[in-house]
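# Survey of secondary and tertiary structure
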Amino acid sequence: MWEKLLRGIRKAPDHDFPEAPTRPARKGFAERDQFDAASTAALPFASTGPHGHRGRMRDKLLDRGADALADYELLEMLLFLAFKKGDTKPLAKSLINRFGSYAGVLAAPIESLFAHEGVGIHSVAAIKLIHASALRLARTELADQPVLNNWDRLIDYLTIAMARESIEQFRVLYLDNRNRLIADEIASRGTVNHTQVYVRELVTRALQNHATALILVHNHPSGDPTPSRDDIEMTKEIQRAIALLEVTLHDHIIIGKGAWLSFRREGLLRAA
């Protein structure tokens, strides 16, 4: 399931789900009560227990693997955690229509999930649990290994963490003398197109972490990873400041939606 989730983070669906539910759903947190006996009476599967639709879905997952499930089916099963009974497929498809993809649902802001009809505290908790698990798994893949030798895993991790953020986020990866990850810290958050970076605080944290190298990372909510003039100038300023401490700036990565840019690969870091 994790491999499918990581692949899904990088792509959006090619089509909508026209059969998404149109019936109104009650708002609030008590989504366990929304699918009562009256609402399930007309469903194709009278039983949603082990011998009904849910049981068949679980068998499909265990017998054929996660790749046999469509994205909406993964989300449908995830919502089993929130709804003790009832058909969760309409809500799963409705969420994918709203947020663009399975990955988009997992990464959606909590307040946006709560604003979606039919979603309550149990659904949001289940969705965010899976997103946090995917992020932790991706980060674990980087642990105790030289980051520069695991570039694909690094990009996977950063994409899960940042690609669908609605505001700019600036984070710093602090590395030891073997280029292993010491700390991954969010230095600042900004608006939809700007974030403020305080070089003095970054230098202080490098000293406190005993870092010998850094990788800068920020996202562009617009989806286009092309660096701005401010991005380039800020990178130069940080590179000059940490050079006085004999700390190396390995790269500055910009994460977009389905795309990313490396300052080093583009020759922008050498120009600094």
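In this report, we go over the structure that sits alongside the text. Not measured: the values here are computed from a predicted model.

Within the chain one finds 12 helices and 5 strands. Taking all 272 residues of the chain together, the buried fraction comes to 48%. Residue pairs at least 24 apart in sequence account for 64% of intrachain contacts in the chain once pairs closer than 6 positions are excluded. Total accessible area on the chain is roughly 14200 Å²; 51% of this is exposed by carbon and sulfur atoms.

As a further point, take the packing of helix α8 (residues 121-140) against helix α9 (residues 151-162). At a minimum axis separation of 9 Å, α8 and α9 run at an interaxial angle of 155°. Taken together, the axis directions place α8 and α9 in an arrangement best described as roughly antiparallel. Crossing handedness for the pair α8 and α9: left-handed. Contacts between α8 and α9 pair His-131, Ala-134, Leu-135, Ala-138 and Arg-139 from the former with Tyr-157, Ile-160 and Ala-161 from the latter. Tallied by class, the residues present in the contact of α8 with α9 amount to 6 nonpolar, 1 polar and 1 charged.

Moving on: the packing of helix α4 (residues 71-78) against helix α5 (residues 89-99). Between α4 and α5, whose axes approach to 8 Å, the crossing angle comes to 125°. Judged on the interaxial angle alone, α5 and α4 are oblique. Considering only the axes of α4 and α5, their crossing is right-handed. In this structure, α4 uses Asp-71, Tyr-72, Leu-75 and Glu-76 to contact α5, whose residues at the interface are Lys-89, Ala-92, Lys-93, Leu-95 and Ile-96. Its residues placed into classes, the contact of α4 with α5 shows 5 nonpolar, no polar and 4 charged.

With respect to the helices and strands, the residue Leu-75 is situated in helix α4. Judged by its relative accessible area of 0%, Leu-75 falls in the buried class. Here the alpha-carbon distance between Leu-75 and Tyr-102, two residues 27 residues apart in the chain, equals 6.9 Å. Not counting residues up to four positions away in its chain, the partners in contact with Leu-75 are Ala-92, Leu-95, Ile-96, Tyr-102 and Val-105.

Turning our attention to the sheet that holds strand β5 (residues 260-262). Read across the sheet, 5 strands follow the order β2-β1-β3-β4-β5 without closing on themselves; strand pairing throughout is mixed. Because the sheet does not close on itself, it has two edges, and the strands there are β2 (181-189) and β5. Direction aside, neighbouring strands of the sheet carry axes that sit 20° apart on average. Bridge analysis of strand β1 (residues 169-175) against strand β3 (residues 213-219) gives 6 bridges, and the strand direction is antiparallel. Across the sheet, the residue bridging to Leu-173 is Ile-215, located in β3. The strands touched by helix α10 (residues 199-208) within the sheet are β1, β2 and β3, with β1 carrying the most contacts at an inclination of about 30°.

Rules used in this analysis
- All chains use their own residue numbering, which begins from 1 and follows the written sequence.
- Whole-chain, interface and lining totals are the exception, using all residues; otherwise, since this is a predicted model, local features are given only for residues with pLDDT of at least 70 and side-chain atom pairs are given and counted only at 80 or more.
- As a rule here, side-chain values cover all heavy atoms of the structure and leave hydrogens and water aside.
- Secondary structure elements follow DSSP: runs of H or I of four or more residues count as helices, runs of E of two or more count as strands, with numbering from the N terminus.
- The rule is simple: take the accessible area with a 1.4 Å probe, protein chains only, and divide by the maximum for that residue type; under 20% is buried, over 50% is exposed, in between is partly exposed.
- Contacts between residues were defined by any pair of non-hydrogen atoms, one from each residue, lying within 4.5 Å.
- Only the protein chains shown count as covering a residue, and every accessible area follows the Shrake-Rupley method with a 1.4 Å probe.
- Only the stretch in contact is used when fitting a helix axis, every axis being a line fitted to C-alpha atoms; angles between N-to-C directions are given from 0 to 180 degrees.
- Any angle that is under 35 degrees is reported as roughly parallel, and any over 145 degrees as roughly antiparallel; angles of 65 to 115 degrees are reported as roughly perpendicular and all others as oblique.
- What makes a crossing left-handed is the near helix being turned counterclockwise from the far one by less than a right angle; a clockwise turn instead makes it right-handed.
- Classification used: nonpolar for Ala, Val, Leu, Ile, Met, Phe, Trp, Tyr, Cys and Pro, charged for Asp, Glu, Lys and Arg, polar for all others including Gly.
- Between any two strands, at least two bridges found by DSSP are needed for them to pair.

Remember that the coordinates give geometry; whether it matters functionally is a separate question.
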